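Listed below, chain by chain, are the residues.
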Amino acid sequence: MASNAYDLFMSGEKQAAIDVWQENSKNGDIDSKYVLGILYNDSEPMGLCDIEDFCINNSYSNYKKAKKIFEELFINHEDPRAAYALGEYYDDHWIFRRNYKKAAKYYLFAAERGVPEAQYNIGSMYERGDGIKKDIIQAVRWYSQCNKSSLCRAGELGIEDLIVALSEDELLLAK
């Protein structure tokens, strides 16, 4: 069903696709619910403001609705994608109050479950000490994890300055 909804959406039948995802979501499909969260989050740039409830004042994405969906997915299903999205809200979002400690909690949850973007972001938070105790070993660990994915692929490039600050034992621990 989700692939049919995707085809509908990509062919311009956005309302019909959303109807399918909403129905699937009501029937317990967490992937459809996640897609709805993304659509609410990005509704304004995706041109969904003419669809009821997707934008505020036909101008701004309905971030609060998106956040509520991600919270439900995280609480009820421990969805790592939703945890990453919640981390983004607390890390640097113009609507929500910045809370690096909460952002780090959600990023770490998602990073431990293989979300490369979260691995990069938690590495950055460990590097700077934002919301979590500064720890260069952990920073290198998470940057290295991300580097195994197609998202980062930088290998040790870009983190050489961190690596040289570690002893051989610390580097082995990070890896």
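A brief structural summary. The model shown is predicted, which means the values in this text are computed figures rather than measured ones.

## Regarding the overall build of the protein
Within the protein, the secondary structure is distributed over ten helices and two strands. When the elements of the protein are put in sequence order from the N terminus, they spell out α-α-α-β-β-α-α-α-α-α-α-α. Dimensions of the protein, computed from C-alpha atoms along their principal axes, come out at roughly 55 × 30 × 30 Å. Across the 175 residues of the protein, 43% fall into the buried class. A sequence separation of at least 24 residues applies to 38% of the contacts in the protein between residues at least 6 apart. Surface accessibility of the protein: about 10,000 Å² in total, with carbon and sulfur atoms responsible for 48%.

## As for the state of the cysteines
The full count for this structure, using the stated rule, is one disulfide. Disulfide partner of Cys49: Cys55, at an S-S distance of 2.1 Å. In this structure the cystine formed by Cys49 and Cys55 twists about its S-S bond by roughly -70°; its chirality is therefore left-handed. Classification of Cys49 as buried rests on a relative accessible area of 14%.

## Quick word on helix α6 (residues 100-112)
Here α6 spans 18 Å end to end across 13 residues, near enough to the 18 Å set by a 1.5 Å rise per residue. Where the residues of α6 are buried, they touch α4 (63-77), α5 (80-91), α7 (116-128) and α8 (136-147). Its side-chain oxygen 3.2 Å from the backbone nitrogen of Lys101, Asn99 forms the N-cap of α6. Of the residues flanking the end of α6, it is Gly114, one or two places downstream, whose phi is positive at about 90°.

## Points about the environment of His77
By the element assignment, His77 lies in helix α4. Along the sequence, His77 and Ile30 sit 47 residues apart, while their C-alpha atoms lie 8.1 Å from each other. Look past the residues within four positions of His77 in its chain and what remains in contact with it is Ile30 and Glu72.

## Observations regarding α4
The end-to-end C-alpha distance of α4 is 20 Å, a good match for the 21 Å that 15 residues give at a rise of 1.5 Å each. The set of residues buried in α4 consists of Tyr63, Ala66, Lys67, Ile69, Phe70, Leu73 and Phe74. Seen along its axis, α4 keeps its buried residues to an arc of 160°; they face one direction. Opposite the buried face of α4, at more than 90 degrees from it, the exposed residues are Lys64, Ile75 and Asn76. In this structure, the buried side of α4 is in contact with α3 (30-41), β2 (60-61), α5 and α6. Two residues or fewer after α4 comes Glu78, characterised by a positive phi angle close to 50°.

## Quick word on the packing of helix α2 (residues 14-26) against α3
For any two helices packed against each other, one specifies the inter-axial angle together with the distance between the axes. Where α2 meets α3, the axes come as close as 8 Å, and the angle between the chain directions of the two elements is 130°. One element, α2, and the other, α3, form an angle in the oblique class. The handedness of the crossing between α2 and α3 is left-handed. Across the interface between the two elements, Ile18, Trp21, Gln22, Asn24 and Ser25 of α2 pack against Ser32, Lys33, Val35, Leu36, Leu39 and Tyr40 of α3. Taken together, the residues of the contact of α2 with α3 break down into six nonpolar, four polar and one charged.

Scoring rules and cut-offs
- Residues numbered from 1 in each chain as written.
- Predicted model: local features only at pLDDT ≥ 70, side-chain atom pairs only at ≥ 80, totals over all residues.
- Heavy atoms only, no water.
- Helix = DSSP H or I, 4+ residues; strand = E, 2+ residues; numbered from the N terminus.
- Buried < 20%, exposed > 50% of the residue type's maximum accessible area, 1.4 Å probe, protein only.
- Contact = heavy atoms within 4.5 Å.
- Areas by Shrake-Rupley, 256 points an atom, 1.4 Å probe, with all protein chains shown as cover.
- Disulfide = S-S within 2.5 Å.
- Expected span 1.5 Å × (residues − 1).
- Polar contact = N/O pair within 3.5 Å; in protein donor to acceptor, adjacent residues only side chain to side chain.
- Arc of directions from axis to C-beta.
- Axes fitted to C-alpha atoms, helices over the stretch in contact; angles between N-to-C directions.
- Parallel < 35°, antiparallel > 145°, perpendicular 65-115°, else oblique.
- Left-handed = near helix turned anticlockwise from the far one by under 90°.
- Nonpolar A, V, L, I, M, F, W, Y, C, P; charged D, E, K, R; others polar.

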